[in-house]
Structure formats: C-alpha cells, structure tokens
Amino acid sequence: MGLDIQRVNTYEDSRFSEKVLRQHGAFLLGGEPYEVEITSIDSAVVRGASPKLYRDIIEYFRFFAGHISRFYNSTGELVQQFPSVELFPVKLSAIQPSQFYVDEDKLAAVQEFICSAEDIILPVTPEAGRYISQDGHTRLAAAVKLGLDKVYSFIAETNDFLYSFVEEAKRRGVFSPYDLPVIPHGEYEVKWNQFCEDFFSNQGESI
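Residues numbered from 1 in each chain as written. Predicted model: local features only at pLDDT ≥ 70, side-chain atom pairs only at ≥ 80, totals over all residues. Heavy atoms only, no water.

**A few points about the pattern of salt bridges**
Filter applied, for reference: By salt bridge we mean one thing: a side-chain nitrogen of Lys or Arg within 4 Å of a carboxyl oxygen of Asp or Glu. Each helix is a run of H or I in the DSSP string that is no shorter than four residues. Each strand is a run of E no shorter than two, and both are numbered from the N terminus. We call a residue buried when its accessible area falls under 20% of the maximum for its residue type, exposed when it is over 50%, and partly exposed in between, using a 1.4 Å probe and counting protein chains only.
One pass over the structure, following the stated rule, counts 12 salt bridges. As a salt-bridge pair, Arg15 and Asp13 come within 2.8 Å of each other at their nearest N and O atoms. Residues Arg171 and Glu168 are paired through a salt bridge, measuring 2.6 Å at the closest nitrogen-oxygen approach. Placement of the pair is Arg171 and Glu168 together in helix H5 (residues 161–171), with a separation of three residues, close to one helical turn. Among the residues examined, Arg171 registers a relative accessible area of 60% and is labelled exposed.

This is the structure we're talking about:
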C-alpha cells in the first residue's frame, strides 16, 4: 500500500463520530481523519478529505471487516465493490481464540452497543471441526457477558502467525471465549503488547 494509515482504537476522539469509533472505523492518513461507517450488514460509507485515497482506506479497513463488500461516498455514489462473503452462525464453544487477554476498558465500551448475536461478525479460520477467531476477541468476551451462545462469522484468509498465537493461547488454557481473562487496561497494554513485540522480534531474528 505504501501509505501510513493509522487505525484509531480509542472510543473518544472529537474528530470522529461516536458510532464510527465504536465500529473501529476511524483512521488517520497523513494526520487527516477518515471514517468508514458501517451502514448495513454488507455496506459502509467512506468520508475524508481526499476521495482519491478512499480505496487505500477501504483496503486497510477490509483487513478487519472483510464482510463489508460495498462502499459508498457521502453522496451515495458507489466507490468500490467486492464479492460478497457468506455469513454463518458459530457457537461460542466452537471458537478457538488466537488472543489470550481482553482489555477491561474496551470490554466495558463494547458492551454498551452489542445487543444480539447479529452485532458480532468475526473473521475465522476453520480447524479440526472448530473455528479460530482472527479478530474481535473483545466482542467475543462481550458475547459471553451477555449470555449469548453464538456469533456470526465468515471465512477469511490467514497467515502462519495465527497458528503460533493459537498454540500460545492453548498453552495458557484458553480454548474458547469462555476462557478469555479480562484484565485492567494498563496490565493489558503491558502484557499483550509486550508479547506481540517479543514474538515478532523473534520471528525477525529467525528469518
């Protein structure tokens, strides 16, 4: 892609709408804010200073939300369309997390806008009759808290790193969303970020 796109992961930022922040559709490109607001189960609206950069923002956004296949600008014109993906329900007990901590603060924020299984759509990888969750572990923890027994998923491309994370999750006793420990934000930042930094640093040394 060659562009420095940053995803905004906070739930409070005056440059973006609250709805977009909750959907994790807020981005910075060259310091300028860009929004991708999900408007239906497969569509979204893109906003920002430079329409010629919308496709780059869309490409980046679809790494996290591959089920969104149609993108429009603020006047309703189609910017880009992709083949639609099949969504299907998956029981929480059939999901193997690839992460092993959940941020307490993020979970509290996510719980405010999740009401049903249809509000949770995750990219997954099939494995041995179950599914590995590639993303959305905070939403999985919210599903557990809300007493939901299923979420919606779609099959997404993966990489070899995913299986190393799964192996580590299993080593720590995390075999389903019910096993995900919820820890304070500061502790999460230290433990999860440090693990990721160490992991990819070691990967670089072995190449």
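Now that the structure has been shown, we can carry on.
**Some points on the packing of aromatic side chains**
Our working definition: Paired rings are identified among Phe, Tyr and Trp, the last through its six-membered ring, by centres lying within 6.5 Å, and are further divided according to the angle between planes into stacked (under 30 degrees), edge-to-face (over 60) and tilted (the rest). Think of it as a cone above the ring: NZ of Lys or CZ of Arg counts as a charge over the ring if it is within 6 Å of the ring centre and within 35 degrees of the ring normal.
In the structure shown here, the tally under the stated rule is 20 aromatic pairs. With centroids separated by 4.9 Å and ring planes inclined at 85 degrees, the aromatic side chains of Phe100 and Phe195 adopt a geometry described as edge-to-face. Linking Phe100 in the loop between strand E8 (95–97) and strand E9 (102–103) with Phe195 in helix H6 (residues 185–206), this pair joins segments that are 95 residues apart in sequence. On the numbers, 5.2 Å between centres and 85 degrees between planes, the contact of Phe161 with Phe200 is edge-to-face. Residue Phe161 is found in helix H5, and its partner Phe200 is found in helix H6; the two are separated by 39 residues along the sequence. Of the residues examined, Phe161 reaches a relative accessible area of 34% and is grouped as partly exposed. An aromatic cluster is present here, built from Phe100, Tyr101, Phe161, Phe165, Trp192, Phe195, Phe199 and Phe200 joined pairwise through their rings. Directly above the ring of Phe64 sits Arg7, whose terminal nitrogen or CZ lies 3.7 Å from the centroid.

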